[in-house]
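Remarks on the overall topology
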Amino acid sequence: MREDRKVEPRSRIWASELGGSAIDLWLKLKGTTPTNPPNQRSLRKFEAGNLWEAIVGHVLQRAGILISKQKWLAYQYDGLLPVTGKLDYIAGGNIDWAAARKYASEELDWMPEVIKRGTLSIIDGLQEQFFMVSLKEIVLEIKSCSSFMFDVYEATNKPSPQHELQAYHYLKATNMEEAHIVYVCKDDCRMLELPIFLGQEDIEAKYKGYISMISEMVKNDVKPPLESLLVLTEAGKVSSNWKVEYSQYLSMLYNFNTPMDYRLKVDPLIGRFNRVLGRLKESKDLTEDNKKALQEMKLYNLSITYGHQD
């Protein structure tokens, strides 16, 4: 349990908000009190993420390659709102193999023996591969996730767009060349590192574009539009919109009291629409109900083209 923070107007964007719902951010900058703040389960999930982040930092420190951590960094384009965020870690340099092996041998007695043996084996393998290598100094942004999302990131070899912009902010603020978004799967402890680079044109355009959009809307007092209840994925599937489901203004903006209420509304639609898209992909004839579903999709700003059919 924790006390709710007092919501006040502010003139800066948090790095973790980049790429999120524009209308949610606009309301937060205006100082509008959320109608649907994170519940206790969500807060526990945040704390679980903090634990994984701390474990990664502990490993970096014991290996002698932790350079800095939890550093507040700001960046601002001329005439636009500043962005502020706290990076997780900067790491690199020369690994202290003796210190790492001493740690695994003497300080893991509280762990199962198989963990101790496995750690020493990993150190041996890494030392053989990287013995004379000085590791490049990079930004590390640690994110924990479910196995479902981990599989998505691994299959696409792409990070979440929001995590990408957050890590890119730290590159802009430090003028460092490279950042790795590190995903830890909470279900089975797999790890995945996805790199991004300073000056990467597509990310730079999205980073500056989002800040410019929010800055102009705040400056001119223009309220952003609502988010679409449904979205199309890169794979061409209809999906729920996390920007709606996890909106802190869910009841105010979308008339759903809880995320579950939202899912009860959209899940049947998602199944129905995806069945129609499946028939289109397979070039099957559409039933009258399928045709009605296609028309309904337009009400949710969903449009997809297969051959000559729109």
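The notes below deal with the structure included here. In this text, all values refer to a predicted model and were calculated from it rather than measured experimentally.

Attention shifts here to the environment of Ser 134. Along the chain, Ser 134 falls in the loop between α4 (113-130) and β6 (135-145). For Ser 134, a relative accessible area of 48% puts it in the partly exposed group. With 40 residues separating them along the chain, Ser 134 and Asn 94 place their C-alpha atoms 4.9 Å apart. With residues up to four places along the chain from it excluded, the contact list for Ser 134 reads Gly 93 and Asn 94. Among the polar contacts listed, one links the side chain of Ser 134 to the side chain of Asn 94, at a separation of 3.4 Å.

As a further point, take the side chain of Ser 215. Relative to the assigned elements, Ser 215 resides in helix α7 (residues 201-219). Taking the relative accessible area as the measure of exposure, Ser 215 reaches 7% and is therefore buried. Within the local environment of Ser 215, its side chain forms a polar contact with the backbone nitrogen of Leu 81, the two atoms lying 2.9 Å apart. Look past the residues within four positions of Ser 215 in its chain and what remains in contact with it is Leu 80 and Leu 81.

This part takes up the pattern of salt bridges. Summed over all chains, the structure comprises 22 salt bridges. The residue Glu 288 makes a salt bridge to Lys 291 at a minimum N-O spacing of 3.7 Å. Taken as a pair, Glu 288 and Lys 291 lie in helix α11 (residues 288-299) at a separation of three residues, close to a single helical turn. We classify Glu 288 as exposed; its relative accessible area is 55%. Given the relative accessible area of 41%, Lys 291 is considered partly exposed. Through salt bridges with shared partners, a single ionic network connects Asp 151, Glu 154, Asp 188 and Arg 190.

A separate point is the sheet that holds strand β2 (residues 66-69). The mixed open sheet is built from five strands, whose spatial order is β2-β5-β6-β7-β8. With partners counted over all chains shown, the strands left at the sheet margins are β2 and β8 (191-197), one partner each. Strand-to-strand, the axes of this sheet are offset by a mean angle of 25°, without reference to chain direction. Two elements, strand β5 (residues 89-93) and β6, share four bridges in a ladder whose sense is antiparallel.

Together, Arg 41, Arg 44, Lys 45 and Lys 186 line one region of the surface with positive charge. Take Lys 45: it is sitting in helix α2 (residues 40-62). Residue Lys 45 is classed as partly exposed on the basis of its relative accessible area of 40%.

Conventions and cut-offs
Along each chain, residue indices are assigned from 1 in the same order as the chain's sequence is written. Since the coordinates come from a predicted model, pLDDT governs what is reported: local features require at least 70, and pairs of side-chain atoms require 80 or more to be given and counted, while whole-chain, interface and lining totals use all residues. Just so you know, side-chain values use all the structure's heavy atoms and leave hydrogens and water out. In this text, helices come from DSSP runs of H or I with a minimum length of four residues, and strands from runs of E with a minimum of two, each type numbered from the N-terminal end. The rule is simple: take the accessible area with a 1.4 Å probe, protein chains only, and divide by the maximum for that residue type; under 20% is buried, over 50% is exposed, in between is partly exposed. Residue contacts follow a heavy-atom distance rule, with two residues in contact if any of their heavy atoms lie within 4.5 Å. Any pair of N or O atoms that falls within 3.5 Å is considered a polar contact. Within protein, one atom must be able to donate a hydrogen and the other to accept it, and sequence-neighbouring residues count only if both atoms are side-chain atoms. Criterion for a salt bridge: a side-chain nitrogen of Lys or Arg within 4 Å of a carboxyl oxygen of Asp or Glu. By definition, two strands form a pair when at least two bridges between them are found by DSSP. Convention adopted: a line fitted to C-alpha atoms gives each axis, helices being fitted over their contacting stretch, and angles between N-to-C directions are expressed from 0 to 180 degrees. Like charges are joined within 9 Å and nonpolar side chains (Val, Leu, Ile, Met, Phe, Trp, Tyr) within 5 Å, but only among residues with over 30% relative accessible area and no salt bridge; these make up the patches. Calculation of accessible area relied on Shrake-Rupley with a 1.4 Å probe; when residues are assessed, cover is drawn exclusively from the protein chains displayed. Neither His nor the chain ends contribute to the count of charged residues, in which Lys and Arg are positive and Asp and Glu negative. Note that the charge is assigned to NZ on lysines, CZ on arginines, CG on aspartates and CD on glutamates.

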